[in-house]
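Analysis of the macromolecular model
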Amino acid sequence: MIVNGNGHDAARVGVLNLMPLKEVTERDFIRLFSAIEEPVELVWLRLRSHVSRHTSQAHMDELYTYFDEATARGLDGIVITGAPVESLSFEEVTYWPELCAIFDYCRARVHNIIYICWAAQAGLYYHYDIPKYPLPKKMFGIYSQRLLSPDMPLFKDFGDEFSMPHSRHTEVRKTDILACKGLQIAAESAECGVSVVTARRGREVYITGHMEYAADTLDAEYRRDKDKRADVGLPEHYYLDDIPGRMADACWQPYAVLLYRNWVRSLLSDKD
């Protein structure tokens, strides 16, 4: 799928989509990469050891390529999404062995990787033995982030602060990351903790939230969960006057465009 340009000069970006509602995640990334104006070829990737229960087989067969087949042509970068498996230990996840093999391949051959939410925790655990911890309540809402690495090319034109959606039941902790040689905390929040970690001179990016979210994603998650459980709280700093349905502007989206624009530019620079 070519976005903004032609296949000849485009950065070839694989998206390993581990989310259950795959079409929603596809729309998020198509919207995001379409906004950056740099030429991108999106390659939708799937696992051999996991069959989606929420997306039709016909859709998967039409759009998705198995990871090992996609790498035959090479990838300039890869994005690995979150997955709704936080309640399990990493080793209990059925596709963990295949995912570990992909982590190894990416580090050796792709070099430029963005890990999102659960995938960020999984990558930090696999590569650096950083544990995840359960939270007393779901981290759910839009949170202000303080940028600690403003000179990093990934954050060109950001300024000192930006917003990021979070939707997770577990966390990684600052003390563990600071104790690990090779990791750098690039952004953090007083409310939601570590939000961006980088490694290997910025080629590995671990994002604990969801910069790719659409304006109404948290609203959809709130309504979905509210219908299932009685203890679901409102997403924080999201609804105007905390009235469900009254969403403020998607203040994080301009920063999401900047982040992925800067990332794709680095991929294209590597191709030159």
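Just above, that's the structure.
Residues numbered from 1 in each chain as written. Predicted model: local features only at pLDDT ≥ 70, side-chain atom pairs only at ≥ 80, totals over all residues. Heavy atoms only, no water.

Across its full length, the chain holds eight helices and 11 strands. Here the C-alpha atoms of the chain give a radius of gyration of 18 Å, agreeing with the 19 Å that 2.2 N^0.38 yields for 272 residues. Expressed along its principal axes, the backbone C-alpha trace of the chain runs to roughly 50 × 45 × 35 Å. In the chain, which comprises 272 residues, the share counted as buried stands at 54%. Restricting to contacts in the chain with at least 6 residues of sequence separation, those with at least 24 account for 73%. Summed over its atoms, the accessible surface of the chain is roughly 12600 Å², and 50% of this surface lies on carbon and sulfur atoms. Each charge class in the chain can be summarised by its mean position, and for the 31 positive and 40 negative side chains these summaries are 2 Å apart. (Helix = DSSP H or I, 4+ residues; strand = E, 2+ residues; numbered from the N terminus. Rg over C-alpha atoms; globule rule 2.2 N^0.38 Å. Buried < 20%, exposed > 50% of the residue type's maximum accessible area, 1.4 Å probe, protein only. Contact = heavy atoms within 4.5 Å. Areas by Shrake-Rupley, 256 points an atom, 1.4 Å probe, with all protein chains shown as cover. Lys, Arg positive; Asp, Glu negative; His and termini not counted. Charge placed at Lys NZ, Arg CZ, Asp CG, Glu CD.)

Right, let's get into the side chain of aspartate 219. With respect to the helices and strands, the residue aspartate 219 is situated in helix H7 (residues 217-226). If sequence neighbours within four positions are ignored, aspartate 219 has contacts with Tyr238, Tyr239, Gly245 and Met247.

In this structure the tally under the stated criterion is 20 salt bridges. A salt bridge links glutamate 69 to arginine 48; its shortest N-O distance comes to 3.2 Å. Taken together, the residues glutamate 69 in helix H3 (residues 67-70) and arginine 48 in the loop between strand E3 (40-46) and helix H2 (57-63) connect sequence positions 21 residues apart. The exposure class of glutamate 69 is partly exposed, given its relative accessible area of 44%. With a relative accessible area of 45%, arginine 48 lands in the partly exposed category. The structure contains a network of salt bridges with shared partners spanning Lys138, Glu221, Arg224 and Asp225. (Salt bridge = Lys/Arg side-chain N within 4 Å of Asp/Glu carboxyl O.)

Applying the stated criterion across every chain, the model contains 22 aromatic pairs. Relative to tyrosine 126, the ring of phenylalanine 103 lies with its centre 5.8 Å away and its plane at 50°, an arrangement referred to as tilted. Pair noted here: phenylalanine 103 is in helix H4 (residues 96-110) and tyrosine 126 is in helix H5 (residues 118-128), with a separation of 23 residues, a long-range link. Using a relative accessible area of 0% as the deciding quantity, one classes phenylalanine 103 as buried. Given a relative accessible area of 29%, tyrosine 126 falls into the partly exposed group. Both rings, one in tyrosine 260 and one in tryptophan 263, keep their centres 6.3 Å apart while their planes meet at 85°; by these two values the pair is edge-to-face. (Phe/Tyr/Trp six-rings, centres within 6.5 Å; stacked < 30°, edge-to-face > 60°.)

The subject of this paragraph is the nonpolar core. In this structure, Leu18, Ile80, Tyr95, Trp96, Trp118 and Leu183 are the most contacted members of the largest nonpolar core, which totals 40 residues. Of all the secondary structure elements, the ones that give two or more residues to this core are E3, H3, strand E5 (77-80), H4, strand E6 (113-116), H5, strand E9 (183-189) and strand E10 (193-199). In terms of residue count, H4 provides more of this core than any other element does, seven residues in total. When neighbours within four sequence positions are excluded, isoleucine 80 is seen to be in contact with Leu16, Leu18, Phe103, Ile113, Ile114, Tyr115, Ile116 and Ala119. In this structure, Tyr64, Met152, Phe155 and Val264 belong to the second largest nonpolar core, which totals 38 residues. (Core = buried A, V, L, I, M, F, W, Y, C linked by side-chain atoms within 4.5 Å.)

Let us look at the pairing of E10. Of all seven residues in E10, six are buried, a share of seventy percent or more. Inspection of the sheet shows E9 paired to E10 by six bridges, in the antiparallel sense. The partner of leucine 183 across the bridge, within E10, is alanine 199. Here E9 folds back onto E10 in antiparallel fashion, the turn holding three residues. Linking E10 to strand E11 (residues 204-207), which pair antiparallel, is a turn of four residues; within it arginine 200 sits at a positive phi near 55°. (Pairing = 2+ DSSP bridges.)

Bringing H7 into the picture now. Taken together, the buried positions of H7 are occupied by Thr217, Leu218, Asp219, Glu221, Tyr222 and Asp225. Those residues of H7 that are buried lie in contact with strand E7 (133-147) and strand E8 (161-171).

In short, the description is geometric, and any link to function would need to be established separately.
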